[in-house]
Structure formats: structure tokens, C-alpha cells
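Residues per chain are reported as follows:
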Amino acid sequence: MNRHDGRTGVRVSAQGCRRRLFLLGIDVDSTGGSQRVLHTLAQGFAERGHTVELIGIRPSPRPHAYIADPAYRRTTLYRAAAPPSWRADSLAERLSPARLWSARAERRERQRARELLARRFAGTPKDGRGYVIAGSPWAAVWLESVARSAHVRAIGQYHESFHQARTSVNLELILRHYPALEKSLFLSEPDAAEFRRRRLPNAGVMPNPLPFAPLTPAPLDGRRVGAVGRLEPVKRLDRLLDAFATASTEHPGWELHFFGDGPQEPELRARAARLGIDGRVRFRGTVRDMAAAYRELSLVALTSEREGRPMALAEASAAGVPCVSFDLSGGVRELVVHGRTGTLVPHGDTAAFAAALGELMGDGPARERYGRAAREHVAPLALPAVLDRWEALFEEIDR
């Protein structure tokens, strides 16, 4: 059972329920939604009295500090980021001394990393209270031999949609490695159901927790549309620029703010200039305090090519900011209730997206109504509630 910490409002596991928990990811320190989730969970588990270690397989080339004062241990298995891939165009190149030396060095480093992971698991008591949570199918591959020989139970997560898995190698990896785990967790019930139909019997649902809990809702008076996430092709921010250019013709006082950095920034700046809206588009870069950033916004927009259960929609809703999003997945539909907490638009229909943006840009009462409903809708995603679900899952597996 749990008790409450009067200082933090977070439940703390009783002595008999404390566990040793490992959270494993490929790159856990870069900026990204799944990385933030791992750090949020690690801190939450640690504050409940569990012994927690967050393990990254490779270091990030640009690490981001998610938690100012982490209560969990951090370990990175590889000593350097992944080297650039070497594509040999001929047999002579494949057999060149430099190529053979590089391959041997990579094998030695991989073996050293696996041995380090085994040592991290080795100290787990034989009481059944050790768990490792693999944050992605690629991380789960590392558990195939190591976890079996240790006293840890393995759980796999997937932070994208079934559609995304089906169009990548992730579906094959999940169906190959996740059946041997204690549980396979997905972000929405529709996604879990799709994996069950592919004969994954241990598929379940676990939502990602909100990384912050806004005390007061956003005022929604800033006349700003926000887009949150990496500036990369999959986010299709070109569509958002086109839609905003159309919608803002009737709402000239509005601005579009991008929160995040990435390789597409020069291209997006050029597109905004061609559309004649560069004076109303702001590139804010990586922002440390996103809770404060959401309070500046009156709408959040999402025009990605694919998403599972995007944290930007959950975070905006928690701040009381209504969302306009393409209808991309079951996870998106669970976060945005069309006509009640925001607006869903057919995938890829930029004209419809512009119309939806324009409608809410011009209707303050609707924004306020949607914002209140959105805040209430995502209340179950608060960190204490999600940690309770994890605790219940651990107890279920224990039994």
C-alpha cells in the first residue's frame, strides 16, 4: 500500500513495496517526448522511495537536463555517441584494414556495454521486486540475454502509434521481442487492440504522465498559436505555416510560435518569408520552462505526419489550452475530444486545418470552453495518478 507525502502530494511506497527499478532507453538525454517521459517517471518513482536508475545505451550529442535535482542514478553504457555508418561500395572497401578495425572496435564496445548493463542488473535482490522498463523496441533488444540471467522482470513500452510501428521495423521488433516480457504497454487502447490482433497476448495500456501540473489555467488572451516539438520533417510544420498564413488573413493580430529546434529551421524560416508571414512567426528554440510557455498561448496546433499520443497535446490540455490537430491515431483521439476539448481535422487536409484554426482564433468564448474541458479531460494523466497505475501493474505481476 502507499502513503501520501504531505510536502509533495505524491504517494510514497510503503517499506514492503519498495522496488529496484531500471528505465532503459537508447538515448535518454536528447530533447524529445519519450526522453522527458523516462526522466519524469524516474523522478516520480524515486520520490516514492524506490531505488531507480535511468540507463541510456548511447550518450546524447546534445544532452538536455530534464530534472534539476534528480533523485535517481544515471548510467550510460556506450562511452561515445554512435559513429557515422560506413557504407562499403565494394568488396575491397568491406575488407579494408580501416573497415575491419572499425568493425572490431564496435564489437568490443558493444560487448563492453552489454557487460556493464549486466553488472547494473546483477545487484538486484532475489525477492522478485526488480523491474526493468524498456522505453522502446530497440532498447528491448538489449534485454534478450541480459535480463534473463538477472533477477529482474522486464516490461516493454512503445511511445508511438500502431500505424507508425506498421510502417517501420518497429512492428517486427515488437512482435519478436515483446512476447517474452512480463507486459507490453502502449499508449492507447486502440493501439493495444491492434497489437493483440497480431497475437501479442501481453499487450496493455499505460499513458505517459504529465511532466508538470499547472496550478492555474492559461488566460488564452495572448493571440498566439503554438507548435511544440523538434523542427524535423515528420512534424510537417510546412503544413502549419500554410494553414496559419491562410487563417491569419482574417486575424492579423495573431502570431505563430515554434518551441523546439531542429534541422528544418532554415527551411521553415524561408517558407514563412515566401508566405509573407515571417513578421508573425517566432522561433523560440528549446525552452526550459514549458509550463510557463503554454500560459503564453491561446491555441496549440499539431500537423505531424504521424503521432502516437503526443505529449504536446496532453501538456497543452493540462494548461487549459485548446488544441487543433490532425486526426492521426487513437492516442490523439483520446487526448483531443472533437468539439469538446479541441478540434480534429482529417489527416493531411491543410485547408480544413486552416479553417479550424481560423474558427477558434476568432471565437474567444469557444477557446475558454474548450480549455476548461481539456484541463478536466487530462486530469487522470497527472504524475501521481499514472504512478499509481504503475504500482498496480507491479503488484499484478508480483501476484
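Where an unreviewed UniProt entry is consulted, the protein chain appears under the name D-inositol 3-phosphate glycosyltransferase, with the organism given as Streptomyces ehimensis.

## Some remarks on the nonpolar core
Of all hydrophobic cores here, the largest spans 58 residues; its most connected members are L240, F258, Y294, F353 and L357. Ranked by the residues each element gives to this core, the list is headed by helix α9 (residues 237–247), at seven residues. Among the nonpolar cores identified, the runner-up in size contains 30 residues, and A113, A139, F162 and A203 belong to it.

## Some thoughts on the packing of α9 against helix α14 (residues 350–361)
Each pair of packed helices gets described by two things: the angle between the helix axes and the distance between those axes. It is the contact of α9 with α14, at a shortest axis distance of 8 Å, that shows an interaxial angle of 50°. Judged by the inter-axis angle, α9 sits oblique to α14. Both α9 and α14 take part in a crossing whose hand is right-handed. Two secondary-structure elements touch here, α9 through R239, L240, D242, A243, F244, T246 and A247 and α14 through T350, F353, A354, L357, G358 and M361.

## Description of the sheet that holds strand β5 (residues 73–76)
Through backbone hydrogen bonds, the strands of a sheet pair up, either in parallel or in antiparallel fashion. Pairing within the open sheet is parallel, and its seven strands lie in the order β5-β4-β3-β6-β7-β8-β9. Edge positions in the sheet fall to β5 and β9 (203–205), since each has one partner strand and no second. Adjacent strand axes in the sheet meet at a mean angle of 25° when their direction is disregarded. Summarising the sheet, strand β8 (residues 183–186) and β9 pair through three bridges and their orientation is parallel. Each bridged residue has a counterpart across the sheet, and for L185 the counterpart in β9 is G204.

## A short note on the UniProt feature "domain: Glycosyl transferase family" (unreviewed entry) in the protein chain
This chain's UniProt record puts "domain: Glycosyl transferase family" (unreviewed entry) on residues 221–376. Secondary structure across residues 221–376 comprises 42% helix and 17% strand; the distance between its end C-alpha atoms is 20 Å.

## Re the pairing of strand β4 (residues 51–56)
Within a regular beta strand, the side chains point alternately toward one face of the sheet and then the other, so they alternate between its two faces. Across the six residues of β4, five count as buried, placing the element largely inside the fold. Two elements, strand β3 (residues 20–25) and β4, share six bridges in a ladder whose sense is parallel. Opposite L23, over in β4, you have L54 as the bridge partner. At this point the chain moves from β3, through helix α1 (residues 33–47), to the parallel β4, and the crossover so formed is right-handed. Pairing geometry for β4 and β5, over four bridges, is parallel. Residue pairing for β5: E53 is matched across the bridge by R73.

Definitions and cut-offs
- Residues numbered from 1 in each chain as written.
- Predicted model: local features only at pLDDT ≥ 70, side-chain atom pairs only at ≥ 80, totals over all residues.
- Heavy atoms only, no water.
- Core = buried A, V, L, I, M, F, W, Y, C linked by side-chain atoms within 4.5 Å.
- Buried < 20%, exposed > 50% of the residue type's maximum accessible area, 1.4 Å probe, protein only.
- Helix = DSSP H or I, 4+ residues; strand = E, 2+ residues; numbered from the N terminus.
- Axes fitted to C-alpha atoms, helices over the stretch in contact; angles between N-to-C directions.
- Parallel < 35°, antiparallel > 145°, perpendicular 65-115°, else oblique.
- Left-handed = near helix turned anticlockwise from the far one by under 90°.
- Contact = heavy atoms within 4.5 Å.
- Pairing = 2+ DSSP bridges.
- UniProt positions renumbered as here; feature names shortened; annotations may be inferred.
- Right-handed = clockwise from strand over helix to strand, strands pointing away.

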